[in-house]
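One-letter residues, chain by chain:
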Amino acid sequence: MAYQSKDFYPRPDFVHTNHRWTPINDQWTILFDDEDVGLQESWHIHRVPDKVSIRGSSSAKAPSAEAEAQRLSAFPELIAKGFQGQDSAGRENTKQRINVPFAFQAPASGLQEKGAHEVLWYERAVADPRAETEVKAGDRVLVRFGAVDYDVTLWASGQLVGKHRGGHVPFDVDITDALTTAGKESGGKEGVEIQLVLRVQDSPYDLAQPRGKQYWAPQPESIFYTPTSGIWQPVVLEVVPRTRLGNSSHGTVLKANDIADGILDAEVAVLGRRAGHAYSVEIEGSLNGFQIAKKREDLPKDKDYTTVKLGLALSEEQQKTVPQSVADIGSYEDTNIWKNGLALWSPDHPTLYDLLIRLYDAQGAQIDEVKTYTGFRHLDWRVGDGTFRLNGKPLFQALCLDQGYWPETGLTPPSPASLKEDIVLAKKMGFNGCRKHQKVEDPVFLYWADRLGYLVWVEMANAYEFGAEYKDRMNAEWTEAVKRDINHPSVVVWTPVNESWGYPSLKDSVEQRDHLRALYYLTKSLDPTRPVNENCGWEHVLTDLSTFHDYSDAPVLAESCATLERTLRRDWAGRPMFVGAITTTNNSGNERESDPATKHRQGAPVICTEFAGVNIARAGAKSDDIQPQGGGGDWGYTTASDAKDLLTRVEALVKAVIQGSHCSGFVYTQLTDIEQEVNGVYSFDRKEKIPAAEVKKIFDAAQKSYHDSLSKAA
């Protein structure tokens, strides 16, 4: 199965108009290096061999499953699980073709290999894509990776060209020097190829490594799924000018939350700046083809970025002369659409401003140009009345839990169009957004969320063991994730951690609490314009939102959601919503508080961020297979007898959450079935399990009920 991406740039929200790019998802090979001999044998210099013999030794065996699972105190039912060590003496691993960007575990890769392989070697030939004029101009050649799980080192014809750690975020490497050297050594021949070699290490056993829902055993079960190793997002070869505009991962931030004055506050990064050279940056803003304003600022001598503040609200004169394309947006009197001549972004009216960002040299010649966009919208979770507000108005978030898996391709979407399709399907069911769960989704998803009007909670894939190494890994990768997604108007909440995963001792560990506080403030330092949900579900240490998870059936859920007081007192599996005080006793026997208890901030939004999770009993299934939280092939938290019963349960569960009128939203588990967890409203292959129109009526009624309750309270 080939990944269809030829006409779709992997970062469609930030497209360089003068860069030439081509996908290089084909012609890759992979070799499993199970005894980690590749570096010692210099595969990166002498090329990856066609095969490698496995000698077999006790050191090559996996740690015992019980020893690994014992560390998972949050999942006692998974003890005695894990990849088993085996005697592999005499076996050979053979280099094989692999369909990138699909992981070797996925059927679409052409391998569907389910064994544990910690070290992988990828290889592919690459020719210099530059024209002679581009070579003379000093243009560079980059290889851009959407995501490689987990720790990767890259060589080009034996030259080390880059390293990256973090399985869910993008990076690029510059292979220009290796291409230039190869060209010279060939006597200037055209089309000379170099070998691009990747060594990827992705441990099935390292539970301090952020992995999300990727299971650490060969057979997925419960709420965990088939793991993903190596390249799993698209790879692109791109020709770029030496000095160029950087995207958000490199520091460009387009802040568009000032809806009062309509000012775009842009900080634009410039990469490859040459010492002694002057540059300037210009931003031009337009709305549906109508140019509103543009402004140019010089790049300071001591910085690799500049700030541009651009007013994009229509003046009274402009409002009278706009073309029909702008007038069609809606009446200026409609405050859901406009505010003082500024077009607002919202799920119902996802209006976007088109931006052209240009980079000029000292002579005024254009060096680089980017087509991007922004959406003006303002979030407020601090009003103090329990509401979450978008553009000054209360917002009810009817979200789905979306984990982004597909039957043949795993974590990788079958194509860019698949990401758009999931949003369309979700909106058809009545969801106005999603909580992307335990996955930093492909940026194409956020591009479509921006354009289609779909709220997104961004969440990091978590680890399961706390320690110094984990903290370093989490801090770095979460920073990269936030920077990658910071400019998308659809992103409304940051969630670094879910359900204390990786933090098993919040009850009595100040160190673990301090790291959650550190993540909160790290996120705020990167982006103060969005709320931080630091530990989604329970055991909050420092949070902007009071979120809770409850998979009880409707009657019990209704009881715990009847009043705000009951909701805040709730306890799921021994996990309170907020952590209690930690006390220590000194040598004199006196107790003192070493870390205070936390509590709900009065007036903060309260949101049920996981509930339901109902499957349908399969005809002829054994009772063990359909029991809630069973280990069989029809996993769910509770079980409906058929589709009609499921629809009835959905309505009862939604009513249970909203009846107290203090929950300003919910996250329904989940959008689609995934492998053995079959509690979606769509099947794994995206077929309706219950009528979408009927579900939408339920969710629409929930939103109306919430807004009616606010009107009564006022």
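Bear in mind the structure is a predicted one, so any value in this text is a computation, not a measurement.

Colleague: Provide a residue-level description of the overall build of the chain, including the pertinent values.
Modeller: On a plain count of helices and strands, the chain comes out with 15 helices and 43 strands. The C-alpha atoms of the chain give 26 Å as radius of gyration, which agrees with the globular expectation for 714 residues (27 Å, within 12%). Across its three principal directions, the C-alpha atoms of the chain cover 80 × 80 × 65 Å. Long-range pairs, those at least 24 residues apart, make up 70% of the contacts in the chain between residues at least 6 apart in sequence.

Colleague: Now, about the pairing of strand β4 (residues 51-54): what can you tell me, with residues and values included?
Modeller: Covered by surrounding structure in β4 are Val 52 and Ile 54 only, the residues Lys 51 and Ser 53 on the alternate face being uncovered. Across four bridges, the pairing between β4 and strand β5 (residues 91-94) is antiparallel. By the bridge assignment, Lys 51 is partnered in β5 with Thr 94.

Colleague: Please give an account of the packing of aromatic side chains that cites residues and values.
Modeller: The description of two aromatic rings rests on the distance between their centres and on the angle between their planes. Here the structure, examined in full by the defined rule, presents 34 aromatic pairs. Measuring from ring centre to ring centre gives 5.6 Å for Phe 396 and Phe 666, while their planes differ by 75 degrees; the resulting arrangement is edge-to-face. Remark: Phe 666 occurs in strand β43 (residues 663-669) and Phe 396 occurs in the loop between β28 (393-394) and β29 (397-402); sequence separation between them is 270 residues. Ring geometry for Phe 611 versus Phe 666: centroids 5.4 Å apart, planes at 70 degrees, classification edge-to-face. On the criterion of sequence distance, the pair formed by Phe 611 in strand β40 (residues 606-612) and Phe 666 in strand β43 is long-range, its members being 55 residues apart.

Colleague: Residues and numbers for the sheet that holds β28, please.
Modeller: The three strands lie next to each other as β26-β27-β28, forming an open sheet whose pairing is antiparallel. In this open sheet, the two edge strands, each paired with only one partner strand, are β26 (379-380) and β28. Both β26 and strand β27 (residues 389-390) contribute to a ladder of two bridges, which runs antiparallel. Residue Leu 379 lies in a different strand from β27, and its bridge partner there is Leu 390.

Colleague: So what's going on with the pattern of salt bridges? Residues and values would help.
Modeller: Inspection of every chain in the model, using the stated rule, returns 51 salt bridges. Here Arg 20 and Glu 134 are joined by a salt bridge, their closest N and O atoms 2.7 Å apart. Note that Arg 20 is positioned in strand β2 (residues 20-23) and Glu 134 in helix α3 (residues 132-136), a separation of 114 residues in sequence. A residue is classified by how much of its surface remains accessible, and Arg 20, at 38% relative accessible area, is partly exposed.

Colleague: I'd like a description of the packing of helix α9 (residues 468-485) against helix α10 (residues 510-526), backed by residues and values.
Modeller: The geometry of α9 relative to α10 is characterised by a closest axis approach of 10 Å and an angle of 20 degrees between their N-to-C directions. On the basis of the axis angle, α9 is roughly parallel to α10. Of the two possible hands of crossing, α9 and α10 adopt the one that is right-handed. Mapping the contact onto sequence places Tyr 470, Lys 471, Met 474, Asn 475, Trp 478, Thr 479, Val 482 and Lys 483 in α9 and Glu 511, His 515, Leu 519, Leu 522, Thr 523 and Leu 526 in α10.

Colleague: Give me the lowdown on the pairing of strand β21 (residues 305-311), citing residues and values where you can.
Modeller: On β21, burial follows the alternation: Thr 306, Val 308 and Leu 310 on one face are buried, whereas Tyr 305, Thr 307, Lys 309 and Gly 311 on the facing-out side are not. Across seven bridges, the pairing between strand β18 (residues 263-271) and β21 is antiparallel. The residue bridging Ala 266 from the neighbouring strand is Val 308, located in β21.

Colleague: Can you explain the environment of Lys 696? Please cite residues and give values.
Modeller: Examined against the element boundaries, Lys 696 turns out to sit in helix α15 (residues 692-713). The class for Lys 696 is partly exposed, based on a relative accessible area of 33%. Between the C-alpha atom of Lys 696 and that of Gly 430, which follows or precedes it by 266 residues, the distance is 4.0 Å. Among all residues touching Lys 696, those that are not within four sequence positions of it are Lys 427, Lys 428, Met 429 and Gly 430.

Colleague: Give me the side chain of Arg 570: which residues, what numbers.
Modeller: Residue position: Arg 570 is located in the loop between α12 (564-569) and β36 (571-572). Overall, Arg 570 belongs to the buried group, its relative accessible area being 6%. Separated by 2.6 Å, the side chain of Arg 570 and the backbone oxygen of His 549 make a polar contact.

Colleague: Lay out the sheet that holds strand β8 (residues 140-145) in plain terms, naming residues and giving numbers.
Modeller: Spatially, four strands are ordered β2-β15-β8-β12 in an open sheet, and the strand pairing comes out antiparallel. If you trace the sheet from one side to the other, it starts and ends with β2 and β12 (171-174), each paired once. Averaged over all pairs of adjacent strands, the angle between strand axes in this sheet comes to 25 degrees, irrespective of strand direction. Note that β2 and strand β15 (residues 235-240) share four bridges and pair antiparallel. Residue Pro 23 lies in a different strand from β15, and its bridge partner there is Val 236.

Colleague: Got a sec to walk through the packing of helix α7 (residues 416-428) against helix α8 (residues 443-452)? Specific residues and values, please.
Modeller: The contact between α7 and α8 brings their axes to 9 Å, and the two run at 40 degrees. The angle between α7 and α8 falls in the class oblique. Between α7 and α8 lies a crossing whose hand is right-handed. Every residue of α8 that contacts α7 at Pro 416, Leu 419, Lys 420, Ile 423, Val 424 and Lys 427 is listed here: Val 444, Phe 445, Trp 448, Ala 449 and Leu 452.

Colleague: Describe unusual backbone geometry, with residues and values.
Modeller: Cis rather than trans, the peptide bond between Val 100 and Pro 101 has omega equal to 15 degrees. Here Pro 101 shows up in the loop between β6 (96-98) and β7 (119-127). Along the chain, Asp 149 connects to Tyr 150 via a cis peptide bond; the corresponding omega equals 20 degrees. Considering the arrangement of structural elements, one finds Tyr 150 in the loop between β9 (148-149) and β10 (151-156). Of note in this structure, Arg 47 is not a glycine but carries a positive phi near 85 degrees. On the secondary structure map, Arg 47 appears in the loop between α1 (43-46) and β4. If you check the backbone angles, Asn 288 has positive phi at about 50 degrees while not being a glycine. Take Asn 288: it is sitting in the loop between β19 (279-287) and β20 (290-298). For Asn 288, a relative accessible area of 36% gives the class partly exposed.

Colleague: Help me get a handle on the environment of Ala 518, residues and values and all.
Modeller: Along the chain, the position of Ala 518 falls in helix α10. Owing to a relative accessible area of 37%, Ala 518 belongs among the partly exposed residues under this scheme. The spatial distance from the C-alpha of Ala 518 to the C-alpha of Leu 542 is 9.5 Å, given a sequence separation of 24 residues.

Colleague: Explain α7 residue by residue, including any values.
Modeller: Helix length check: α7 (13 residues) gives 19 Å between terminal C-alpha atoms against 18 Å at 1.5 Å per residue, within 8%. What α7 keeps buried is the set Pro 416, Ser 418, Leu 419, Asp 422, Ile 423, Leu 425 and Ala 426. Against the buried residues of α7 lie β29 and α8.

Colleague: A description of the environment of Cys 663 should follow, citing residues and the corresponding values.
Modeller: Inspection of the secondary structure puts Cys 663 in strand β43. The buried category is assigned to Cys 663, whose relative accessible area is 1%. In this structure Cys 663 touches Phe 396, Phe 548, Val 606, Val 657 and Tyr 706, once residues within four positions along its chain are discounted.

Colleague: Just give me the short version of the nonpolar core, but keep the residues and values in it.
Modeller: Ranked by size, the top nonpolar core spans 91 residues in total, and within it Phe 431, Tyr 454, Phe 611 and Phe 666 carry the most contacts. When residues of this core are assigned to their parent elements, the largest contribution, eight residues, is made by helix α14 (residues 643-658). Apart from residues lying up to four places away in sequence, Phe 431 is in contact with Ala 398, Leu 399, Cys 400, Ala 426, Tyr 454, Tyr 668, Leu 671, Val 681 and Phe 699. Grouped together as the second largest cluster of nonpolar side chains are 35 residues, Leu 245, Ala 256, Trp 338 and Ala 343 included.

Conventions and cut-offs
As a convention, each chain's residues are numbered from 1 in the sequence order in which they are written. Totals for whole chains, interfaces and linings use all residues, but because this is a predicted model, local features are given only for residues with pLDDT of at least 70 and pairs of side-chain atoms are given and counted only at 80 or more. The side-chain values count all of the structure's non-hydrogen atoms but skip hydrogen atoms and water molecules. Under the DSSP-based scheme used, a helix requires at least four consecutive residues in state H or I and a strand at least two consecutive residues in state E, with every element numbered from the N terminus. C-alpha atoms define the radius of gyration in this analysis, and the globule rule sets the expected value at 2.2 Å times the number of residues to the power 0.38. The criterion used for residue contact is that any of the two residues' heavy atoms lie within 4.5 Å. Each residue's exposure class comes from its accessible area (1.4 Å probe, protein chains only) as a fraction of the maximum for that residue type: buried when under 20%, exposed when over 50%, partly exposed otherwise. When DSSP locates at least two bridges between a pair of strands, those strands are taken to pair. Put simply, two rings from Phe, Tyr or Trp (the six-membered ring, in Trp's case) pair if the centres are within 6.5 Å, and we call them stacked under 30 degrees between planes, edge-to-face over 60, tilted for the rest. When a carboxyl oxygen of Asp or Glu lies within 4 Å of a side-chain nitrogen of Lys or Arg, that pair is called a salt bridge. For every element, the axis is a line fit to its C-alpha atoms; helices are fit only across the contacting stretch, and the angle between N-to-C directions ranges from 0 to 180 degrees. Here roughly perpendicular refers to angles of 65 to 115 degrees, roughly parallel to angles under 35, roughly antiparallel to angles over 145, and oblique to all remaining angles. In a left-handed crossing the near helix is turned counterclockwise from the far helix by less than a right angle, and in a right-handed crossing that turn is clockwise. Side-chain atoms alone can form a polar contact between residues adjacent in sequence; in general such a contact is a pair of N or O atoms within 3.5 Å, and within protein one must be able to donate a hydrogen while the other accepts it. Helix span, as expected, comes to 1.5 Å for every residue beyond the first. In this description, a nonpolar core means a group of buried Ala, Val, Leu, Ile, Met, Phe, Trp, Tyr and Cys residues linked to one another through side-chain atoms lying within 4.5 Å.

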